[in-house]
Amino acid sequence: MVDIKINVQNSDNSVTTLEAPTDMGISLMEFLKGNDYDILATCGGMALCATCHVSVLQGFDALPPITDDEYAMLDTLPNITDTSRLACQLKLHPEMDNITVKIMGDGN
Amino acid sequence: MITTDLAIIGAGPVGLFAIFEAGLLKMRCHLIDYLPQAGGQLSEIYPKKPIYDIPGYPTVLAQELVDNLLKQAEPFHPTYTFGERVETLEKRGEADFVLVTNMGTEVHAKVVVIAGGLGCFEPRKPEVEGLTRFENGKGINYMILDPEKYRGQRMVIAGGGDSALDWSIFLSDICSELTLVHRSESFRGAPDSVNKVMKLAEEGRIKLLLNTNLTAVDGSERLESVSMINAKTQEKTAIATDHLIPLFGLSPKLGPIEKWNLNIDKNAIEVNTDDYSTNIPGVYAIGDINTYKNKLKLILCGFHEAALMSHSAYKYMNPGVKYTMKYTTVNGVNEF
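The following paragraphs examine the structure supplied in this document. Predicted, not measured: the structure shown is a model, and the values here were computed from it.

Brief notes about the environment of Glu44 of chain B
All names here are of chain B.
Here is step 1 of the chain: Inspection of the secondary structure puts Glu44 in helix H2 (residues 41-44).
Here is step 2 of the chain: Considered as a pair, Glu44 and Gly12 are 32 residues apart in the sequence and their alpha carbons are 9.9 Å apart.
Here is step 3 of the chain: At a separation of 3.0 Å, a polar atom in the side chain of Glu44 contacts the side chain of Gln37.

Here's what the structure looks like:
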């Protein structure tokens, strides 16, 4: 079992580091929700609602490539950044170790 | 005015199944949904996606499930109000509730069942200073209901999705001046719409501003101008306009339910798991909109909640009446 570190930048700019399992087939969205972050994930992880929008502050290049569907959904958002992704489309993987994300989606 | 036994807010899968469960107990239902059709998220967001965890269906398409639920509810002749949002809920006495929608429709019910899923889908707003100053008829809208309203007027549309493209094409014939502002270099919408917009821009019928973000809105009584910045060149511009329509998709919000004095925890309604009743006697909450210990947001859990709610609602409506549970396998489904 390989655990990785996921850093989350909070709204006050402090950073929380979380240990995440990579052998359970869960997405970054599911992991963040499981850690009580305010993510709605209305569509449940199908890249259809854009409520799990994150901006990747560090480690963007280590992520799997963005699909057309994911990009099209991100493109509807008013606050997209150059390193925006939908957390539901990012399955936790050893190569994602030590990425830093900021949650941008509509929270609770 | 509509009179019913159960007023069900939300016509998603759980609201629809509640009609059936209530129907078995001879209670009539009226459903109200902000969306223009039944099915909730299933029809609106993912009609063509397969669902694998409905008991008895190894796989079923979301829309197929909705169609089947509608059919299952048919013998009980439910009535519907679509495209309206319930704004107020008032209790006038025991088993006497009055609900009023944003369009003024009044529903009188003995019991209220909130099956609102994640709430209403409301337009996403960009983070631009002063935006709220010009809402409510002062120049800024987030959806277009009557395009004729914009005839001969100047308009700025912001956004890069299909709705921004489609409305730009449509309104280019109606507005005297139309500017489409998009954050990035290119559009990812339907290729046909993208080509049409590009062609209209070449012909000078749409002013297209790419790599551009809105920064501010100005005006005295009404909206008069929109300021923006080019993300590449950092060049700032202001465009004089009568209307601004930001089109950035929809996002779910709890909405007016928040103000009904229900106990709410993290955007969900707290319920008693004995019967999914809320803190207001006669008001129930079922499906994704409720919360309790070990809550799972699954359709199948919502179905269970609908069954328990119905039996409790029956007792609430008929105090003192003894009722024995009957099985459909023994009694069938008796239309009324």
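What about the layout of surface pockets?
Here is step 1 of the chain: Each pocket or cavity is described by its volume, and for the second largest pocket that value is around 990 Å³.
Here is step 2 of the chain: As for the second largest pocket, its lining consists of 35 residues, and the residues nearest its centre are Met73 and Thr76 of chain A together with Ser163, Gly249 and Leu250 of chain B.
Here is step 3 of the chain: Secondary-structure elements contributing two or more residues to the lining of the second largest pocket are helix H2 (68-74) of chain A together with strand E9 (120-123) and helix H4 (162-171) of chain B.
Here is step 4 of the chain: Counting residues per element, the lining of the second largest pocket draws most heavily on H4 of chain B, at four residues.

Things to note about the pairing of strand E15 (residues 236-240) of chain B
Here is step 1 of the chain: Bridge count for strand E14 (residues 225-230) of chain B against E15 of chain B is five bridges, and the pairing is antiparallel. Bridge pairing in E15 of chain B links Ser227 of chain B to Ala238 of chain B.

Let's talk about the sheet that holds strand E18 (residues 264-265) of chain B
Residue and element names in this part refer to chain B.
Here is step 1 of the chain: Strand order in the open sheet made by the three strands is E18-E19-E21, with mixed pairing throughout. One side of each edge strand has no neighbouring strand; the edge strands of this open sheet are E18 and strand E21 (290-291).
Here is step 2 of the chain: Pairing between strand E19 (residues 268-270) and E21: two bridges, direction parallel. Its bridge partner lying in E21, Glu270 is registered against Thr291.

Focus: the pattern of salt bridges
Residues and elements named next belong to chain B.
Here is step 1 of the chain: Under the counting rule described, the total for this entry stands at 16 salt bridges over all chains.
Here is step 2 of the chain: Lys110 serves as the salt-bridge partner of Asp5, at 3.3 Å between the closest nitrogen and oxygen. Taken together, the positions of Asp5 in strand E1 (residues 2-9) and Lys110 in strand E8 (residues 106-114) put the pair 105 residues apart, joining distant regions of the chain.
Here is step 3 of the chain: Judged by its relative accessible area of 12%, Asp5 is buried.
Here is step 4 of the chain: Because the salt bridges share partners, they merge into one network encompassing Asp173, Lys199, Glu203 and Arg205.

Reading the values: the criteria
- Residues numbered from 1 in each chain as written.
- Chains lettered and ligands numbered in written order.
- Predicted model: local features only at pLDDT ≥ 70, side-chain atom pairs only at ≥ 80, totals over all residues.
- Heavy atoms only, no water.
- Helix = DSSP H or I, 4+ residues; strand = E, 2+ residues; numbered from the N terminus.
- Polar contact = N/O pair within 3.5 Å; in protein donor to acceptor, adjacent residues only side chain to side chain.
- 1 Å grid on protein atoms, 1.4 Å probe; cavity = no way out; pocket = protein on both sides within 12 Å on 5 of 7 lines; lining within 4 Å.
- Points joined across faces, edges and corners; volume = space filled by probe spheres on them.
- Pairing = 2+ DSSP bridges.
- Salt bridge = Lys/Arg side-chain N within 4 Å of Asp/Glu carboxyl O.
- Buried < 20%, exposed > 50% of the residue type's maximum accessible area, 1.4 Å probe, protein only.

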